[in-house]
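Coordinate inspection notes
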Amino acid sequence: MADLEAFRADVRRWLQDNAPASMSTPLTNPDDVCWGGRKTKYPDDVRRWLAVMAERGWTAPTWPREYGGGGLSKQEAKVLAEEMAKLHLRTPLTGFGLSMIGPLLLQEGSEELKREHLPKIVRGEIRWCQGYSEPGSGSDLASLQTKAVRDGDEFVLNGQKVWTSYADKSDWMFILVRTDFEAAKHAGITFLLMDLEAPGVTVRPIKLISGSSPFCETFLSDVRVPVRNVVGKVNGGWLLAKALLGHERTMIADVFKERDDARRLVALARKHVGESGGRVADAVVRDRIAQVEMDQACLDLTLDRARDNAKAGHKPGPESSIFKLYGTELNQRRRALMMDILGPQGLGWEGAGFEDRELKVTRDWLRSRGNTIEGGTSEIQLNIIAKRVLGLPD
Amino acid sequence: MDLVLSEEQELLQQTAREFVAGRSSLKRLRGLREGDDDGFSRALWQEMGRLGWLGIVLPVEHGGLGLGYRDLMVVMEELGRGLMPEPMLASVLLGANALLLGGTPAQQADHLPAVAAGERLLALAFQETAGRYRPHHVTTCAKAAGTGWLVSGEKAHVLDGHVADHLLVAARTAGETDDAQGVTLFLVPRDTAGVTIERQSRVDGRNAAIVRLQDVRVARDAVVGEVDRGSALLGRVLDRATTALTAEMLGSMLAAFEMTVDYLKTRLQFGVLIGTFQALKHRAARMFVETELARSAVMHAHRVLDEGRDDAAIARAASLAKARCSDAFLLIGDEAVQMHGGIGMTDEHDIGFFLKRARAAAVTFGDAAHHRDRIAALDGY
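It should be emphasised that the depicted structure is a prediction, and the values quoted were computed from it without experimental measurement.

Things to note about helix 8 (residues 278–306) of chain B
For helix 8 of chain B, built from 29 residues, the straight-helix expectation of 42 Å at 1.5 Å per residue is met to within 8% by its first-to-last C-alpha distance of 42 Å. Following helix 8 of chain B by one or two positions, G308 of chain B adopts a phi angle in the positive range, close to 65°.

Set out below in structure tokens:
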């Protein structure tokens, strides 16, 4: 414990000495979130902050030092997170490299792949995206048809991926391809790492109903990928993909919550619905706010409980499906409630007569409709719970 | 404190589960419902006393085990699985807690060991017919008379009031009907002149009574807590009882849910198990999610009590759990009957007992909407 406290003091001093002052201020623009990669120019302080943190491996605090990570124990990483929170420091780097493909490579990747990719993820040099869904394979992901044919030391890829988040801003993609068309659909899928600069890759953003384009279509025409870029075994990709999906679902549950949402809801209601005796004037709106906040509290407690269970050495259950299902529906209810509270002020698309934060509520509401579709629809999560937890028959 | 059970709590859970499965059955409840005796088993109650369960949260010096609310939670959940009607809430969580939190050392020494042993029953007469969920709605009045008090009025929904040896009565000693200030708690032996107790018959088969007091003379030392300041004490007692009730509700909703899932796996229609239908699978999965969220809220509320947090934190956590469990148990009660189909509507089948209990438990100590409004008020909106 004494060591940990000494570590804490060191960490605090180092953070105070090395973090640019502007990195302690709240994010004003989502573009200031650092996802790394070669295609995006970040403000100077964002780049500096990334560089000093990556130098110590503290963008990936618990990864082994030999792959560029911080080599910290879980307790030390917790101390680092706590000290960063105390100084209100921004996360120096985020993205699918740190949260998805990196952890998978640590577990399942060959030594060669780890040495090649993990240090670049830690330094934020390479931004990753995920190539799972296809036009004909949404909920039924395992029916995917993107073809990879072996040619010497390479696979030749042909097909189309869709809903590839930020593919236009990414450098590499982890991708599911079909390597065996004879086998059962789950048994012919391989997990590959693909350079998006490779000849034959075309990326096109998709405009959503919210007006933004976080997703892309990715077309593959005779794209050559070295066989050594297979993660796990050829035809053994489905299990890896499923494990990653579980991870993604937990992330989705957490990611849409903005920390000041409770105060924002109440402040919006006071402004647009009015006050009476210090309380939000409309009892129905009040009840709906309380419902959303209390549901959020119960979901947060359930996330805590899952972590406590894991810490106590209990096997993880299918919690990720619960979190995905409930977290996304809750986010939709929250966004819809905000729209109800705004009333006519929620009708703006852009320009005169609407404040920026009102326009943001409208866009966020539209965006939230995708939450129950991406990463496995709500219906798929319900199927998973019915089958794996309740053991209901097929 | 983490949201996991300790090894000791897991053992206690196992013991309680076996006890409930071996000693109580829904068949027993039918017998109690039809009979005109006490509506619960005194023999079983005393056995629970010998196991120490009635004194889990009572201090060792008063015959309790001196354990925490999370230990109590484990037992309450199992009692809930069996829908057991024994007077845990009335005698221990409401009655004994009022004395523990507000009573004099003499009152505590007199009553708590007897309650923990299962030899004496208490009840808390705090509600009145027109009060809905406002515990400050007190028209029953107590006037100073000589060295003591004269109490008159009518209390309703007094849980297990029909068998209580002593009643804790909330009466107004100052102020207007709905004022928080001016409420005082009095400890009244049931055989005091002027007390009449009429048993109520309730939808869930649980036991409650109307308590009428006509010029009931009580001594000065019958006051529990401070004169005129009973509301705060009442609030602290009710938050503890509410928390324990949510554990019981969790057990009951889980039992109803498991019965329903079993039914989906055994009932054939159109030549297949009805559990193969996606329309039912998805609803069953949503019920499961509700039970998981309810469990988190229930464990949290008990943890907050064990951590000795302030009254506002305890109130918040109790309301969070109660709103959640009220909604979840009602949903599961409704869905359980629906998924059982015609047989679920018959008195012969057990599932209806859970639907009825869901409704009664949801209303006890305030329904979901009441607790949401309470949280909104606590959070300043």
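On we go.
Focus: the nonpolar core
If you look at the biggest cluster of nonpolar residues, it comprises 157 residues, and the most contacted ones within it are I289 of chain A together with A125, L168, V169, F186, V298 and L320 of chain B. Ranked by residue count, the leading element in this core is helix 7 (residues 230–266) of chain B, at 17 residues. Ignoring anything within four residues of it in the chain, the contact list for F186 of chain B reads A142, W149, V151, V169, A171, V218, A222, V223 and V224 of chain B. Of all hydrophobic cores here, the second largest spans 65 residues; its members include L50, I126, Y166 and L244 of chain A.

Quick notes on the packing of helix 8 (residues 283–311) of chain A against helix 8 of chain B
Put simply, helix 8 of chain A and helix 8 of chain B touch, their axes get as near as 8 Å, and they point 85° apart. Relative to helix 8 of chain B, helix 8 of chain A is oriented roughly perpendicular. Here C298, L299, L301, T302 and R305 of chain A of helix 8 of chain A lie close against helix 8 of chain B, whose contacting residues are E292, L293, S296, A297, M299 and H300 of chain B. Its residues placed into classes, the contact of helix 8 of chain A with helix 8 of chain B shows six nonpolar, three polar and two charged.

Let's talk about the domain arrangement of chain A
Residue and element names in this part refer to chain A. Assigned domains of chain A: these are domain 1 (2–122), domain 2 (128–235) and domain 3 (256–389). For domain 2 and domain 3, the distance between their C-alpha centres works out to 32 Å. At the interface, six residues of domain 2 touch six residues of domain 3. Of the residues in the side of domain 2 that touches domain 3, the class split is two nonpolar, four polar and no charged.

A few points about the packing of helix 7 of chain B against helix 10 (residues 351–363) of chain B
All names here are of chain B. The contact between helix 7 and helix 10 brings their axes to 10 Å, and the two run at 150°. Considered as vectors, helix 7 and helix 10 are oriented roughly antiparallel to each other. In terms of crossing hand, the pair formed by helix 7 and helix 10 is left-handed. The residues of helix 10 that touch helix 7, namely those facing L245, M249, S252, A255, A256 and M259, are I351, F354, R357 and A361. The residue inventory of the contact of helix 7 with helix 10, partitioned by class, reads eight nonpolar, one polar and one charged.

A closer look at the interface of chain B and chain A
On the chain A side, the residues contacting the 31 residues of chain B number 33 residues. Among the secondary structure elements, those contributing two or more residues to the side of chain B that touches chain A are helix 7, helix 8, helix 9 (311–340) and helix 11 (368–378) of chain B. Broken down by element, the side of chain B that touches chain A gets its largest block of residues, 13 residues, from helix 8 of chain B. Looking at the side of chain B that touches chain A residue by residue, the classes come out as 18 nonpolar, five polar and eight charged.

Here is what the cut-offs are and how they apply
Residues numbered from 1 in each chain as written. Chains lettered and ligands numbered in written order. Predicted model: local features only at pLDDT ≥ 70, side-chain atom pairs only at ≥ 80, totals over all residues. Helix = DSSP H or I, 4+ residues; strand = E, 2+ residues; numbered from the N terminus. Expected span 1.5 Å × (residues − 1). Core = buried A, V, L, I, M, F, W, Y, C linked by C-beta atoms within 7 Å. Buried ≥ 20, exposed ≤ 12 C-beta atoms within 10 Å, placed from the backbone. Contact = placed C-beta atoms within 7 Å. Axes fitted to C-alpha atoms, helices over the stretch in contact; angles between N-to-C directions. Parallel < 35°, antiparallel > 145°, perpendicular 65-115°, else oblique. Nonpolar A, V, L, I, M, F, W, Y, C, P; charged D, E, K, R; others polar. Domains from an automatic or database assignment. Left-handed = near helix turned anticlockwise from the far one by under 90°.

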